[in-house]
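Chains, contacts and geometry: an overview
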Amino acid sequence: MQVAPEAVVELSGQPFDASAFTLVCPALAPWELRKPNLYVLEAQLVRHGKVVDTFYTQFGIRTVAVDTTRVRVNGRPAFLRGVAVHETFPGSDPSQPPSIEEIQRRDFQNIYDLNANFVRTGHHPVHPLTLLMADRLGIGIWEEIPVYWFGSTELDYQRTARPVARQMFLEMISRDLNRPSILVWGACNECAAQKERSEFIRDLREQARQFDATRLVAQSAAGSDASDKTQRECDLSGFTSYFGVFYGYTYGSATEKALEAMRASNPEKALFATEFGIWSEKDLSNSENQIKVARDTYEVFAKKPYVTGSIWWALNDWHTMISDPQSMGLVMFSGRKKPAYYVLQELYAGREGRTFLKWHAPLTDKPIRDTVNVDLEMVSPSPFKSLAVELDGLPLPVSKITPEGRFKFKFDSMKLAEGNHTLFTRAENQAGTVLSQVRTLFIDNVDELPAMVLNLKSGDTVMDEQVLHVDASDDRGVRKFQINVDDRPWQTVEPLYPPDTFVQTLNFDASKPDHGHKVHIKLTD
């Protein structure tokens, strides 16, 4: 039957009857990635004219398909900019644990601000709230069952003797059937035994088609085997991409070589990088390498027309049986975002056109004092929408915003303690692209006295010529170094090793042996 929004449809039946019907609603707008349109279905059980039970569910209308190069959402090709999420929720106070709502809200804010439009969940069906939030933000989902690192015995046993995996797969589909965010059902992760794995995936795919023919079925296979024949059983070719990390030699070139081999092996399948990344280490000592992996690997994905998406593993650091913490996340247990988060955020923003934050002032390599004028610009193909600024976690008012997305505001640094302070900015354009940055500002309102360390001290014996070495320091830099010997005219000495190391040869009067000499040094900041 065809109905309009807010229409009421009445059904009649007997207890324990199952009623099936189709509603055709041409006026409903489709659910899109990062542009969701959602509706609520209300069902009431009425007995003798009285409502005895009511059920509500949110839903969206969309299609998902795949061709040889791209996943298509509502018929349009999509590049899935992804990140993985483990449900470990670390870093909370055991005496005051945050609610699941608070945790999910924090994580999905970070996912949205990353400019991601896709999430691969951990290796199990997720908390229902994860899917509700993904629905409401327009974030696509890959949901899977806990079949990972299985070999031939486990895969064959699950398919033929004790099909718990099949049961979990169907229960997952049944529970989450109405979630428009789910685009892919995941069958297994990094399993071996290609013959048994092909049979296992084929069985789950056939089961899925009987209950839900509207979504894709895929796996996350180890990327070390470019010719993996089990990909033929999947709707797309999903593979982990740790080239230069676990296999291969360099991040970019090894990734590109592997992609070309995968494409040659399965030319009819779009490729999907289900994992990529590297650990930062707990102390961030490998942070620069994490940034390099993000840049070099993603740039290869972005230029291949047959790669339909990529997933950084993972959003947060997490606990594992192997290492604790596992530091491949973009966000630390403390909630602090790592430098790689902001790099990936800008890379993902680039899918919507050249987008970046341009800072005009202040410069972070110079001390800041008195009134601080902040001037930055969001360069973007889409009009500016909003800006939020925080100084040490507290919001700052923004006094001037131009239509072009240039922001100017000021604050009084005299009210701040000496030392480093954190300035956080978050800008968003009308297309929903977010850019944020964290900058460290060094506040220096108190002029401290210069200091120096010499290679001579009072009472030292000197020759006719003596080399003087001075290491000078000042919180605002040494502007001038002057010296005189035995009341001769002052000499200005240029630094030998910039900015504040000075070397000067001193000439003493040789006609006065055993005579004391005076050396005066003047530093000006």
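Structure: above.
Residues numbered from 1 in each chain as written. Predicted model: local features only at pLDDT ≥ 70, side-chain atom pairs only at ≥ 80, totals over all residues. Heavy atoms only, no water.

1. Some points on the packing of aromatic side chains
- All chains considered together, the criterion is met by 13 aromatic pairs.
- Between phenylalanine 79 and tyrosine 298, the aromatic rings sit 6.2 Å apart at their centres with planes inclined by 90°, giving edge-to-face as the arrangement. With phenylalanine 79 in the loop between strand 5 (76–78) and strand 6 (80–85) and tyrosine 298 in helix 7 (residues 287–303), this residue pair connects regions lying 219 residues apart in the sequence.
- Here phenylalanine 243 and tyrosine 247 contribute two aromatic rings whose centre-to-centre distance is 5.0 Å and whose plane-to-plane angle is 70°, an arrangement assigned as edge-to-face.
- Relative accessible area serves as the criterion here: at 18%, tyrosine 247 is assigned to the buried category.
- Taken together, Phe79, Tyr298 and Tyr348 form an aromatic cluster joined through their ring pairs.
- Positioned above the aromatic ring of phenylalanine 79, the side-chain terminus of arginine 351 is 3.9 Å from the ring centre. (Phe/Tyr/Trp six-rings, centres within 6.5 Å; stacked < 30°, edge-to-face > 60°. Helix = DSSP H or I, 4+ residues; strand = E, 2+ residues; numbered from the N terminus. Buried < 20%, exposed > 50% of the residue type's maximum accessible area, 1.4 Å probe, protein only. Lys NZ or Arg CZ within 6 Å of the ring centre and 35° of its normal.)

2. Focus on the side chain of aspartate 212
- Within the element layout of this structure, aspartate 212 appears in the loop between helix 5 (194–211) and strand 10 (216–220).
- A residue is classified by how much of its surface remains accessible, and aspartate 212, at 3% relative accessible area, is buried.
- Looking at aspartate 212, its side chain comes within polar contact range of the side chain of arginine 215, at 3.0 Å.
- Those residues in contact with aspartate 212 that sit more than four places away from it in its chain are Ile173, Leu177 and Trp185. (Polar contact = N/O pair within 3.5 Å; in protein donor to acceptor, adjacent residues only side chain to side chain. Contact = heavy atoms within 4.5 Å.)

3. Section: the sheet that holds strand 11 (residues 237–240)
- A sheet is described by the order of its strands in space; here eight strands give the open sequence 10-9-8-7-6-13-12-11, paired in parallel fashion. In the strand order of this sheet, the two ends are held by strand 10 and strand 11, each with one partner. In this sheet, neighbouring strand axes are inclined to one another by 25° on average, regardless of whether the strands run parallel or antiparallel.
- Sheet topology places strand 6 next to strand 13 (residues 307–312); four bridges connect them, and they run parallel. (Pairing = 2+ DSSP bridges. Axes fitted to C-alpha atoms, helices over the stretch in contact; angles between N-to-C directions.)

4. What about unusual backbone geometry?
- That bond from tryptophan 313 to alanine 314 is cis: its omega, 10°, falls within 30 degrees of zero.
- Counting through the fold element by element, alanine 314 comes out in the loop between strand 13 and helix 8 (339–349).
- A cis amide bond links alanine 361 to the next residue, proline 362, at an omega of 0°.
- Phi at asparagine 115 is positive, roughly 70°, even though this residue is not glycine.
- Assignment of secondary structure puts asparagine 115 in the loop between helix 1 (100–113) and strand 7 (118–121).
- Residues other than glycine seldom take positive phi values, yet tryptophan 149 does so here, at roughly 60°.

5. With respect to the nonpolar core
- With 89 residues, the main nonpolar core has Val83, Ile111, Val147 and Leu330 as its most contacted residues.
- For this core, the element with the most residues is helix 8, which contributes seven residues.
- Once you skip the residues sitting within four places of it in the chain, isoleucine 111 turns out to touch Arg34, Val83, Val85, Ala116, Val119, Ile139 and Leu315.
- Among the nonpolar cores identified, the runner-up in size contains 21 residues, and Trp359, Leu376, Leu391 and Phe409 belong to it. (Core = buried A, V, L, I, M, F, W, Y, C linked by side-chain atoms within 4.5 Å.)

6. Description of the packing of helix 6 (residues 251–265) against helix 7
- Axis separation between helix 6 and helix 7 bottoms out at 8 Å; the angle between their running directions is 30°. As far as their axial angle goes, helix 7 and helix 6 are roughly parallel. Helix 6 and helix 7 meet at a crossing whose hand is right-handed. Only Asn289, Lys292, Val293, Asp296, Thr297, Val300, Phe301 and Lys303 of helix 7 make contact with helix 6, whose side of the interface consists of Tyr251, Gly252, Thr255, Glu256 and Leu259.
- Residue composition of the contact of helix 6 with helix 7, by class: five nonpolar, four polar and four charged. (Parallel < 35°, antiparallel > 145°, perpendicular 65-115°, else oblique. Left-handed = near helix turned anticlockwise from the far one by under 90°. Nonpolar A, V, L, I, M, F, W, Y, C, P; charged D, E, K, R; others polar.)

7. Focus: the environment of phenylalanine 55
- By the secondary structure assignment, phenylalanine 55 is in strand 2 (residues 50–59).
- Residue phenylalanine 55 is classed as exposed on the basis of its relative accessible area, which comes to 51%.
- As for phenylalanine 55 and serine 237, which are separated by 182 residues in sequence, their C-alpha atoms are 38 Å apart.
- Apart from residues no more than four positions distant in its own chain, phenylalanine 55 is found in contact with Leu41, Glu42 and Ala43.

8. Here's the deal with the packing of helix 3 (residues 152–160) against helix 5
- Two elements in contact, helix 3 and helix 5, have axes whose closest approach is 9 Å; the angle formed by their N-to-C orientations is 30°. The pairing of helix 3 with helix 5 is recorded here as roughly parallel in orientation. Between helix 3 and helix 5 lies a crossing of left-handed hand. Contacts between helix 3 and helix 5 involve Ser152, Leu155, Asp156, Gln158 and Arg159 from the first element and Glu196, Arg197, Glu199, Phe200 and Asp203 from the second.
- Each residue belonging to the contact of helix 3 with helix 5 can be placed in one class, and the counts come to two nonpolar, two polar and six charged.

9. Re the environment of threonine 88
- The topology assignment puts threonine 88 in the loop between strand 6 and helix 1.
- In the structure, threonine 88 is positioned 136 residues away from serine 224 in sequence and 28 Å away in space, judged by C-alpha atoms.
- Excluding its chain neighbours within four sequence positions, the residues that come into contact with threonine 88 are Asp317, Trp318 and His319.

10. Quick look at helix 7
- With 17 residues, helix 7 extends 25 Å between its outermost C-alpha atoms, agreeing within 8% with the 24 Å of an ideal straight helix rising 1.5 Å per residue.
- Within helix 7 the residues assigned to the buried category are Ser287, Gln290, Ile291, Val293, Ala294, Thr297, Tyr298, Val300 and Phe301. (Expected span 1.5 Å × (residues − 1).)

11. Focus: the sheet that holds strand 21 (residues 434–443)
- An order of 17-16-20-21 is seen for the four strands of this open sheet, with the pairing classed as antiparallel. Each of the sheet's edge strands pairs with one partner strand only, and the pair in question is strand 17 (394–395) and strand 21.
- Judged from the seven bridges that link them, strand 16 (residues 384–391) and strand 20 (residues 419–429) form a sheet pairing that is antiparallel. The residue bridging leucine 387 from the neighbouring strand is alanine 427, located in strand 20.
- The strands that helix 1 touches are strand 20 and strand 21; relative to strand 20, the one it contacts most, it runs at about 70°.
- Contacting strand 20 and strand 21, helix 8 runs over the sheet at an angle of about 145° to strand 21.

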